[in-house]
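Descriptive analysis of the structure
Each chain, letter by letter, is given below.
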Amino acid sequence: MNRYIGIDLGGTNLRGAIADTETGQIFHKRKCPTLATEGLEAVIKRIVQLIRELMDAGAEPDCEIKAVGIGVPGTPDIDTGVIKLLPNLPGKWLDVPLGAIIEEQVQLPVALINDVRAITLGEWTFGAGRGADTVVCLAIGTGIGGGVVVNGQFHLGIGGTAGEFGHHVVEVDGLPCGCGGKGCLELYASGPAIAAMGVKEVMHGHTTRIGDLVNHDLNRIDAGIVVQAALEGDLIAQGILQRVGRYLGIAVGNILGVVSPQRVIFAGGVSHAGDLLLRPVVQTVQERVHVIPLQKVEFVLAELGINGGLIGAALWAKLRCDGQ
Ligand SMILES: [Zn+2]
């Protein structure tokens, strides 16, 4: 039996598991803090240690671990395994040949991929994208990432860079973005943007659950708190999600015009808001998009949660191993 290791390198946590890429089952799930502020070498050491633990845990008769897939929060060059951009992780990651470094230490083939591209692959194969041959996935968390499947093919573009929806322009001449552009979606609809809107509402003295949930400690307001307040019926928090959904809807409308997917999947922490987020997205799309048969497009939430990225990274390792 062939198994693959899937790793998800997150800004906060480093997760890993062994995956059966035939069934989507995962085993021996592990998690530890990334502690990225300790620097690149410490993080690499932790990744290697995690892989070794999983290799030990998965050492069973008739079961061979073939390769490791690692989802990273940025853009690795998928052909060379070199990190090209890792904006949300402190340290000097630019041009680090992460794939080769880890491969040498664990003596297994290692394939890198953007973390949301991994989620897309996982959800398409075993989750909310099952059965559809053209799919778009957006994950809304610390940043906004994406992935695309076109006509039954996982579409990666040059070096794996297709699906950077967080950097779609939604405000011409808008705020400057870390990517070097201006007015990118990520600045208006990501977790930190939502948190900033929540802070502003509390600072303006508005009566909202957002403040109550953190005992008016502004430092503790994050997107999760705003989503929670919205789910508890707070109108101000719901208003924030309405604004965020509108920006997402503008970007999704643009994506529909290019890809014309059967299904659009929303993943990431902010998607826990469910309908409170989906409704304004779909409403904005309906108002603006008239050249795509919208009745044939499904807007759905991701199904696999954290496991989506782990399974997706393992599937990526398999795809690479099989030479596809
Ligand atoms: Zn940008």
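Heads up: the structure comes first, above all this text.
The text that follows walks through the structure, step by step, so that each part is easy to find.

About the criteria used
Residues numbered from 1 in each chain as written. Predicted model: local features only at pLDDT ≥ 70, side-chain atom pairs only at ≥ 80, totals over all residues. Heavy atoms only, no water. Pairing = 2+ DSSP bridges. Helix = DSSP H or I, 4+ residues; strand = E, 2+ residues; numbered from the N terminus. Axes fitted to C-alpha atoms, helices over the stretch in contact; angles between N-to-C directions. Contact = heavy atoms within 4.5 Å. Salt bridge = Lys/Arg side-chain N within 4 Å of Asp/Glu carboxyl O. Buried < 20%, exposed > 50% of the residue type's maximum accessible area, 1.4 Å probe, protein only. Donors = N, O, S within 2.8 Å, 3.2 Å for Na, K, Ca; no water. Tetrahedral: all angles 85-135°; square planar, octahedral: opposite > 155°, others 65-115°.

Thoughts on the sheet that holds strand E12 (residues 298-301)
Reading across from one edge, E10-E9-E8-E11-E12 is the order of the five strands in this open sheet, with mixed pairing throughout. Two strands lie at the open edges of the sheet, namely strand E10 (153-155) and E12, each paired on one side alone. Looking at each pair of strands side by side, their axes are set apart by 20° on average, direction ignored. Sheet topology places strand E8 (residues 135-140) next to strand E9 (residues 144-150); six bridges connect them, and they run antiparallel. Bridge assignment links Val136 to a residue of E9, and that residue is Val148.

Describing the sheet that holds strand E7 (residues 110-114)
Reading across from one edge, E3-E2-E1-E4-E7 is the order of the five strands in this open sheet, with mixed pairing throughout. Of all the strands in the sheet, just strand E3 (26-33) and E7 have a single pairing partner and so form its edges. Strand-to-strand, the axes of this sheet are offset by a mean angle of 20°, without reference to chain direction. Relative to the sheet, helix H2 (residues 98-106) contacts strand E4 (64-72) and E7, its axis offset from that of E7 by approximately 145°. Of the strands in this sheet, strand E1 (2-9), E4 and E7 touch helix H3 (residues 115-126), which is tilted by about 95° from E7.

Quick look at the pattern of salt bridges
Following the criterion strictly, the structure yields 10 salt bridges and no others. Arg46 is paired through a salt bridge with Glu38; the nearest N and O atoms lie 3.2 Å apart. The buried category is assigned to Arg46, whose relative accessible area is 16%. Residue classification places Glu38 among the exposed positions, given a relative accessible area of 51%. Asp95 is the partner of Lys84 in a salt bridge, and the nearest nitrogen-oxygen pair spans 2.6 Å. Placement of Lys84 in strand E6 (residues 82-85) and of Asp95 in the loop between E6 and H2 is noted, with a sequence separation of 11 residues between them.

A few points about the coordination of the zinc ion
Within the first shell, the zinc ion binds the protein through His167 (ND1), Cys177 (SG), Cys179 (SG) and Cys184 (SG), at distances of 2.0 to 2.3 Å. Coordination at the zinc ion comes from four donor atoms whose angles at the metal span 106 to 118°, giving a geometry best classed as tetrahedral. Counting gaps between the donor residues of the zinc ion yields the pattern H-x9-C-x1-C-x4-C. Of this pair, His167 sits in the loop between E10 and helix H4 (186-189) while Cys177 sits in the loop between E10 and H4, placing them 10 residues apart in sequence. Given the relative accessible area of 10%, Cys177 is considered buried.

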